[in-house]
Amino acid sequence: AILVNMTTSPGSSEDFVLNGVPIKLEIASSPVKQYQGLSDRVELCSECGMIFPYQTAEVRTFVMRRMNFPLDIVWINNNKVVGMSEKLPPEQTGPYKPYTSLVPVDTVLEINAGQAKKYNLGIGENFELRKN
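The rules behind the values
Residues numbered from 1 in each chain as written. Predicted model: local features only at pLDDT ≥ 70, side-chain atom pairs only at ≥ 80, totals over all residues. Heavy atoms only, no water. Helix = DSSP H or I, 4+ residues; strand = E, 2+ residues; numbered from the N terminus. Rg over C-alpha atoms; globule rule 2.2 N^0.38 Å. Buried < 20%, exposed > 50% of the residue type's maximum accessible area, 1.4 Å probe, protein only. Contact = heavy atoms within 4.5 Å. Areas by Shrake-Rupley, 256 points an atom, 1.4 Å probe, with all protein chains shown as cover. Lys, Arg positive; Asp, Glu negative; His and termini not counted. Charge placed at Lys NZ, Arg CZ, Asp CG, Glu CD. Disulfide = S-S within 2.5 Å. Pairing = 2+ DSSP bridges. pLDDT = per-residue confidence, 0-100. Salt bridge = Lys/Arg side-chain N within 4 Å of Asp/Glu carboxyl O.

Peer 1: Can you break down the overall build of the protein residue by residue, with the values?
Peer 2: Within the protein one finds 1 helix and 9 strands. When the helices and strands of the protein are placed in sequence order, the string is β-β-α-β-β-β-β-β-β-β. Its C-alpha radius of gyration of 13 Å places the protein within 12% of the 14 Å reference for a compact globule of 132 residues. Counting only C-alpha atoms, the protein reaches 35 × 30 × 25 Å along its principal axes. Among the 132 residues that make up the protein, the fraction classed as buried is 45%. Look at the contacts in the protein between residues 6 or more apart in sequence, and 70% of them connect residues 24 or more apart. Total accessible area computed for the protein in this model is approximately 6,800 Å², and 52% of it derives from carbon and sulfur atoms. In the protein, 13 side chains carry a positive charge and 14 a negative one; their mean positions are 0 Å apart.

Peer 1: Before we move on, can you summarise the state of the cysteines with the specific residues and values?
Peer 2: Under the criterion given, the structure shown has 1 disulfide. Paired by a disulfide, Cys-45 and Cys-48 hold their sulfur atoms 1.9 Å apart. Linking Cys-45 and Cys-48, the disulfide has an S-S dihedral of approximately 80° and is accordingly described as right-handed. By relative accessible area, which is 13% here, Cys-48 ends up buried.

Peer 1: Give me the pairing of strand β1 (residues 14-18): which residues, what numbers.
Peer 2: Most of β1 sits inside the fold, with 4 of its 5 residues counted as buried. Where β1 folds back on strand β2 (residues 21-27), the antiparallel hairpin that results is connected by 2 residues, among which Asn-19 adopts a positive phi of roughly 50°. The pairing of β1 with strand β9 (residues 129-131) spans 3 bridges and is antiparallel. Paired with Phe-16 across the strands is Lys-131, a residue of β9.

Peer 1: Could you give me a rundown of the environment of Leu-25, with the residues and numbers involved?
Peer 2: Relative to the assigned elements, Leu-25 resides in strand β2. Leu-25 sits in the buried class, given a relative accessible area of 0%. Separated by 85 residues in sequence, Leu-25 and Glu-110 have C-alpha atoms that sit 9.4 Å apart. Discounting chain neighbours no more than four positions away, the residues touching Leu-25 are Ser-12, Ser-13, Glu-14, Phe-16, Gly-49, Met-50, Ile-51, Leu-109 and Leu-129.

Peer 1: An account of the confidence of the model for the protein is requested, with residue identities and associated values reported.
Peer 2: Across the protein, pLDDT averages 91, with 92% of residues at or above 70. Per-residue pLDDT stays below 50 along residues 1-10; that stretch engages in 25 contacts with residues further than four places along the chain or on separate chains.

Peer 1: Before we move on, could you go through the pattern of salt bridges and cite the residues and values that matter?
Peer 2: Counting across every chain of the model gives 5 salt bridges. Across the pair Glu-26 and Arg-41 runs a salt bridge, and its minimum N-O distance is 2.8 Å. In this pair, Glu-26 is assigned in strand β2 and Arg-41 in the loop between α1 (31-36) and β3 (48-58), connecting sequence segments 15 residues apart. Of the residues examined, Arg-41 reaches a relative accessible area of 24% and is grouped as partly exposed.

Quick look at the structure:
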């Protein structure tokens, strides 16, 4: 994954271009940030997302724990979109429904529900992310 060595302070985002479209991404670069994800947030700006870079490609499971808004989860491996979980409803209390990648992934992207098309994200599409 391209972002493995990048770090940001909690809650801060950096400017990127994803498949030609500007996006502000927070990088969940540590296990603590990855567990917290976007939980407990009031909202996510319309040009924002959170990216989860991993050192290895593995089957990953995410939940909508303590979420206040719906998300699309984009499953990525080797800079290709290999799966999508779309319009996932927020959940405040457990047990939480698990959303699992169907194949191993090295990167996961969370964006507002319904925004995958905005970033030209579909299964089999390239995932081209660069710093702006």
